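Coordinate analysis (summary)
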Amino acid sequence: MVQYNDMVQALEDLIQRGYSMDFSLLPDCLYCATSSLKLKPEDFTVAETHRFESLDSSPDNNAVIYAILSNDGENKGVLVDAYGTYAEEMTHEMAKRLNAT
């Protein structure tokens, strides 16, 4: 797997590789506002996960980028989320799917 120096580099490379959709995390699904697409946990896989921690160990700056692929292969995008103390609330199924990598 590719190692990135920072989040900007990771996002630019993932977009160049076709992960162009921007997903938001809802409690029970991923949502892309530009296409009104909702993906339930059983509808996608996490192709890659990239974690970034701040140099000062501040939890405010910790983030993870998920490269998301729909099971039908037609939709690719990224989900950027905090992790640790500031992670979003989600259903057990969503947490299991995102933490499977």
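To be clear, the structure that these remarks concern was listed above.
In this report, we go over the structure that sits alongside the text. (Residues numbered from 1 in each chain as written. Predicted model: local features only at pLDDT ≥ 70, side-chain atom pairs only at ≥ 80, totals over all residues. Heavy atoms only, no water.)

Within soluble globular proteins, side chains that are nonpolar tend to cluster in buried spots. Counting residues in each nonpolar core, the largest one holds 16 residues, and the members touching the most others are Phe23, Leu30, Phe44, Ile68, Leu79 and Leu98. Residue assignment for this core shows that the elements contributing at least two residues are strand 1 (21-25), strand 2 (30-32), strand 3 (37-39), strand 4 (44-52), strand 5 (63-70) and helix 2 (92-98). Excluding its chain neighbours within four sequence positions, the residues that come into contact with Phe23 are Leu30, Tyr31, Cys32, Leu37, Leu39, Ile68, Lys76, Gly77, Val78 and Leu79. Tyr4, Leu14, Tyr19 and Phe52 belong to the second largest nonpolar core, which has 8 residues in total. (Core = buried A, V, L, I, M, F, W, Y, C linked by side-chain atoms within 4.5 Å. Buried < 20%, exposed > 50% of the residue type's maximum accessible area, 1.4 Å probe, protein only. Helix = DSSP H or I, 4+ residues; strand = E, 2+ residues; numbered from the N terminus. Contact = heavy atoms within 4.5 Å.)

The subject of this paragraph is the packing of aromatic side chains. As enumerated under the stated definition, the model contains 0 aromatic pairs in all. Lying over the aromatic face of Phe44, Arg97 brings its terminal NZ or CZ to 6.0 Å of the ring centre. (Phe/Tyr/Trp six-rings, centres within 6.5 Å; stacked < 30°, edge-to-face > 60°. Lys NZ or Arg CZ within 6 Å of the ring centre and 35° of its normal.)

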